[in-house]
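# Secondary and tertiary structure notes
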Amino acid sequence: MPDSSPVLPDSSALLDSPVLLDSPVLLDSPVLLDSSGLLDSSAVLDEILLRLVEISPPDDDPTGASTLSRLGVLCLIHNTVGHQLATHAARLESFGVARRAGSTTRQLLIGVGFPPAVAARIVRIASSLGRISRVGAHSRDGRLAGEVVDAIARGMATIEKRSPAALSDDDRQRVEAELLAQALSGATPSEIRDRAAAIGNTIADDEGGIPACDDRSLDSLSFTVTDESRVDVRVNVTQSVGEKFMAMIDERSVPRPEPDGSPDPRSAEQRRADALEVLLDQAADAAARDVIGAPRSQTLLLIPADGGDPARMPWTGSVTQATARRLSCDGTITEIVIDGETVPLEMGRERRLFPPHIRKAVIVRDECCVACGAPPSHTQVHHIQHWTEHEGETSLDNGCLLCQRCHTRVHHNGWDVVLGHDRHPWLIPPADVDPMRTPRPAYNRRTMRLDGVAA
């Protein structure tokens, strides 16, 4: 079967294309020459931008052949522009512009309008162009995308770090040629980085270096708070630490069927995120029982005295009342009332709302999450009548086991929990789930019939 994939045009032939011969974008056009008769690069870029803005996809192209052909040319342009970005950034760095301004080249690029991640990639490529000349040559004519060039540059850096001694010129050229060949064969950036890591580990094994999988100097953990007050966490750790993490997350992210037997609706990513919170709760609980003098994790809730602003947490900012209630159901919380200058006016006492002996009693009665059946180790004790609003007691009759996912449903999605006359918890779904809002028994008692038992 013939290959139907589009063939990218040769960028060297583009300038000779008949389509461009009558275009004002000619290199000898007076419009593009400066006062000395030399090519005015800025004018060329302005003219290219003007022409690109005027281009639109073909209207009459039912087979898509013309559109694919044009996409091939645009791909070459995109890749060539990526190379130009790197070379211009390298020249900017050589001039010391950022240094004199007390900034960095990356920050200057962000100021021009590049997203932070793109600016960082441009700077990485720019700093490596002198060491990967063969890659630069293929990048210059548009054959390699910026992401691929970046993967090769990062791969070369990884290999050099793995080598106990500096790579010789011959070794560097050999490694560059191998990664370049892989890139030209169609390998993805991820595959190129994986290949570079394998080469680096081989060098480390052969020459007595530290394999990347065991090099703690490469470990990193960063987290940022997004505009939506979510937290984006990025971690890069040794193989042994990663194995521990993956094993503990896997153990806590097993799919759990819905009460009606339907499959767990959560994706694998969502289950792992829920498992992470379970793991953090378990770690915080264990730390709180540690010896005197050991550091304790604390959840602080800062409450403005005037009530004008919502309560907030030091790391992630303002929280909804529902979130504050959910956090205070189980675990440790310290409420601090502050004035307009963030000076504490009153500090509530830290208290563990459900002490161990009551939690044990709740586990004996409920056996698992009352909504989905998650094991007790994955649950929190939820106040049926919340202690901050309804003067709910911290007692067996005012608590029930809920996993993190179901706990969120109760506080945010309209589910209610009541204690029946049988002194067992019953769940009342929201009207959009059950218009009649018929009480449902706890998970461990799903064979029960209502028969007037629920409150």
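Our subject is the structure listed above.
The model shown is predicted, which means the values in this text are computed figures rather than measured ones. (Residues numbered from 1 in each chain as written. Predicted model: local features only at pLDDT ≥ 70, side-chain atom pairs only at ≥ 80, totals over all residues. Heavy atoms only, no water.)

## Points about the pattern of salt bridges
Under the defined criterion, the tally for this structure stands at 18 salt bridges. Between Glu160 and Arg172 there is a salt bridge, with the nearest N and O atoms lying 3.2 Å from each other. Of this pair, Glu160 sits in helix α9 (residues 146-162) while Arg172 sits in helix α10 (residues 169-184), placing them 12 residues apart in sequence. The class for Glu160 is partly exposed, based on a relative accessible area of 27%. Note that Arg272 is salt-bridged to Glu269, the shortest N-O span being 3.9 Å. Pair noted here: Arg272 and Glu269 are both in helix α13 (residues 268-288), with a separation of 3 residues, about one helical turn. The class of Arg272 is partly exposed, set by a relative accessible area of 41%. Of the residues examined, Glu269 reaches a relative accessible area of 53% and is grouped as exposed. One network of salt bridges, in which partners are shared, links Glu47, Arg51 and Glu54. (Salt bridge = Lys/Arg side-chain N within 4 Å of Asp/Glu carboxyl O. Helix = DSSP H or I, 4+ residues; strand = E, 2+ residues; numbered from the N terminus. Buried < 20%, exposed > 50% of the residue type's maximum accessible area, 1.4 Å probe, protein only.)

## Topic: the nonpolar core
If you look at the biggest cluster of nonpolar residues, it comprises 24 residues, and the most contacted ones within it are Val135, Leu144, Val148, Ile152, Ile159, Leu179 and Ile192. Of all the secondary-structure elements, those providing two or more residues to this core are α9, α10 and α11 (189-207). The leading source of residues in this core is α9, at 7 residues. If near-sequence neighbours (up to four positions away) are discounted, Ile159 is found in contact with Leu167, Val175, Leu179, Ala196, Ile199, Gly200 and Ile203. Counting 15 residues, the second largest nonpolar core, distinct from the first, contains Ala371, Cys372, Cys406 and Val410. (Core = buried A, V, L, I, M, F, W, Y, C linked by side-chain atoms within 4.5 Å. Contact = heavy atoms within 4.5 Å.)

## Overview of a nonpolar patch on the surface
Judged by side-chain polarity, Leu45, Ile48, Leu52, Ile55, Leu68, Leu71 and Leu74 come together as a nonpolar surface patch covering roughly 590 Å² of accessible area. Every element with two or more residues in the nonpolar patch is listed here: α3 (41-54) and α4 (65-95). Examined against the element boundaries, Leu52 turns out to sit in helix α3. For Leu52, a relative accessible area of 34% gives the class partly exposed. (Patch = residues over 30% accessible without salt bridge, like charges linked within 9 Å, V, L, I, M, F, W, Y side chains within 5 Å. Areas by Shrake-Rupley, 256 points an atom, 1.4 Å probe, with all protein chains shown as cover.)

## Some details on the side chain of Arg172
Assessed through its relative accessible area of 18%, Arg172 is described here as buried. Here Glu160 takes part through its side chain, which lies 3.2 Å from a polar atom of the side chain of Arg172. Contacts of Arg172, omitting those with residues within four sequence positions, involve Arg131, Met156, Glu160 and Leu167. (Polar contact = N/O pair within 3.5 Å; in protein donor to acceptor, adjacent residues only side chain to side chain.)

## Here we look at helix α16 (residues 404-412)
At 3.6 residues per turn, the α-helix brings residues three or four places apart onto the same side. The complete set of buried residues in α16 reads Gln404, Arg405, Cys406, His407, Val410 and His411. One or two steps after α16, the chain reaches Gly414, where phi turns positive at roughly 90°.

## Points about the packing of α9 against α10
At a closest axis distance of 10 Å, the pairing of α9 and α10 adopts a crossing angle of 145°. Handedness of the α9/α10 crossing: right-handed. For the pair formed by α9 and α10, the contact residues are Val148, Ile152, Gly155, Met156, Ile159 and Glu160 on the first element and Arg172, Val175, Glu176, Leu179, Leu180 and Ala183 on the second. Grouping the amino acids of the contact of α9 with α10 by side-chain chemistry returns 8 nonpolar, 1 polar and 3 charged. (Axes fitted to C-alpha atoms, helices over the stretch in contact; angles between N-to-C directions. Left-handed = near helix turned anticlockwise from the far one by under 90°. Nonpolar A, V, L, I, M, F, W, Y, C, P; charged D, E, K, R; others polar.)

## As for the environment of Pro376
Inspection of the secondary structure puts Pro376 in the loop between α15 (356-366) and β9 (379-383). We classify Pro376 as partly exposed; its relative accessible area is 22%. It is 9.7 Å that separates the C-alpha atoms of Pro376 and Arg359, two residues lying 17 residues apart in sequence. Setting aside residues up to four positions removed in sequence, Pro376 forms contacts with Arg359, Ile363, Glu367, Cys368 and Leu401.

## Some remarks on unusual backbone geometry
Note: most residues except glycine have negative phi, and most peptide bonds are trans. Unlike most non-glycine residues, Ser229 shows phi in positive territory, near 65°. Here Ser229 shows up in the loop between β1 (220-225) and β2 (231-236). Of note, Arg423 is a non-glycine position whose phi angle comes to about 65°, a positive value. Tracing the sequence through the fold places Arg423 in the loop between β11 (416-419) and β12 (425-428).

## Things to note about the pairing of β2
Here β1 pairs with β2 via 6 bridges, running antiparallel. Looking across to β2, one finds that Phe223 is bridged to Val233. Two successive antiparallel strands, β1 and β2, enclose a turn made up of 5 residues, where Ser229 displays a positive phi of approximately 65°. (Pairing = 2+ DSSP bridges.)

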